[in-house]
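# Inside the fold
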Amino acid sequence: MSRRALAGLLLCVPTLALGLGCKTTLSTTVKGSAKPRTQSCTPGERVEIPNGDFTITQTCLDGGNRTVGDGRGEVTSWRFDLAGDDVWSCYPESAWIDLRLRPTANLLDDELRVDGRWAMGLEEIQSLEIGREQEIQVDMMMRNGRPSPYTPSEIRRLLTEEFRGQLPMVYEANALVSWARLSIRCSR
């Protein structure tokens, strides 16, 4: 058992003695630069640029944007890593993603999702100012006042069965993502 899991268990003992359920929060953070390096590309070329814990990817098209790392028409991917935590005894009550990003163009088509899964509607970004770094908080379980496909059981399944404590994420379109944190509040 990891030190963090043991510490969480020890914090639960007084709560359990009072007959209350034990609650803990699993959290992990990834970081990158707000001003990653950029690279020119030729039409049809696929370019990946590492940015700390993030990877920026773009396939350059004819005309338009031929700069990778500028936050326009790009895919930013990363992994939330909870493998060192006791995800197997976590029953998610809530799951939040905090993002620090700088919008670079129209955000109407931007998407945030677990890689290969459902896109979360990003109503939180529609009011962000283009060109300025800002933070948003996205509730994975509730989107636009309705339950999302990321139910507690689905988040648990993704973490324990499919991705073994890691959650691969994708942000796609017109923003530079420089920081992200996943927080899952669990009952045990």
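Look above for the structure.
Everything in this summary refers to the structure shown in the same document. Remember, it's a predicted structure, so these values are computed and weren't measured experimentally. (Residues numbered from 1 in each chain as written. Predicted model: local features only at pLDDT ≥ 70, side-chain atom pairs only at ≥ 80, totals over all residues. Heavy atoms only, no water.)

### Regarding the sheet that holds strand 4 (residues 54-59)
Spatial strand order, 3-4-6-13-8-9: 6 strands in an open sheet with antiparallel pairing. Among the strands making up the open sheet, the edge pair consists of strand 3 (46-51) and strand 9 (119-120). With 8 bridges connecting them, strand 6 (residues 74-81) and strand 13 (residues 166-173) associate as antiparallel partners. Of the residues in strand 13, the one forming a bridge with W78 is M169. (Pairing = 2+ DSSP bridges. Helix = DSSP H or I, 4+ residues; strand = E, 2+ residues; numbered from the N terminus.)

### Some points on the nonpolar core
One recurring pattern in soluble globular proteins is that nonpolar side chains are buried together. Within the largest apolar cluster, 37 residues are counted, with the highest numbers of intra-cluster contacts made by W78, I97, L99, L112, M140, L167 and Y171. Counting residues per element, the ones that place at least two in this core are strand 1 (23-31), strand 6, strand 7 (91-103), strand 8 (111-114), strand 10 (134-139), helix 2 (152-162), strand 13 and strand 14 (175-187). Top contributing element to this core by residue count: strand 14, with 6 residues. Residues I49, C60, V68 and L176 belong to the second largest nonpolar core, which totals 7 residues. (Core = buried A, V, L, I, M, F, W, Y, C linked by side-chain atoms within 4.5 Å. Buried < 20%, exposed > 50% of the residue type's maximum accessible area, 1.4 Å probe, protein only.)

### Thoughts on the packing of aromatic side chains
Counted by the stated rule, this structure contains 3 aromatic pairs. With a centroid separation of 5.9 Å and 85 degrees between ring planes, the pair formed by W78 and F80 is classed as edge-to-face. Of the two residues, W78 and F80, both sit in the buried class. Between the aromatic rings of W118 and Y150, the centroid separation amounts to 5.3 Å while the plane-to-plane angle is 85 degrees, which identifies the pairing as edge-to-face. Placement of the pair is W118 in the loop between strand 8 and strand 9 and Y150 in the loop between strand 12 (146-147) and helix 2, with a sequence separation of 32 residues. Owing to a relative accessible area of 1%, Y150 belongs among the buried residues under this scheme. Here the aromatic cluster, defined as three or more aromatic residues joined through ring pairs, consists of F54, W78 and F80. (Phe/Tyr/Trp six-rings, centres within 6.5 Å; stacked < 30°, edge-to-face > 60°.)

### Overview of the pairing of strand 4
Alignment of strand 3 against strand 4, held across 6 bridges, turns out to be antiparallel. For V47, the partnering residue across the bridge sits in strand 4 and is Q58. As consecutive antiparallel partners, strand 3 and strand 4 are separated by 2 residues, and within that stretch G52 has a phi angle of approximately 65 degrees, a positive value. Here strand 4 pairs with strand 6 via 3 bridges, running antiparallel. Opposite T55, over in strand 6, you have S77 as the bridge partner.

### What to know about the pattern of salt bridges
Inspection of every chain in the model, using the stated rule, returns 9 salt bridges. For R46, the salt bridge is made with E48, and the minimal N-O distance between the two is 2.9 Å. Taking the relative accessible area as the measure of exposure, E48 reaches 44% and is therefore partly exposed. We note a salt bridge from R157 to E162, for which the minimum N-O separation is 2.9 Å. On the accessibility criterion, R157 (27% relative accessible area) is partly exposed. Salt bridges sharing partners connect three or more residues here, namely R117, E154, R157 and E162. (Salt bridge = Lys/Arg side-chain N within 4 Å of Asp/Glu carboxyl O.)

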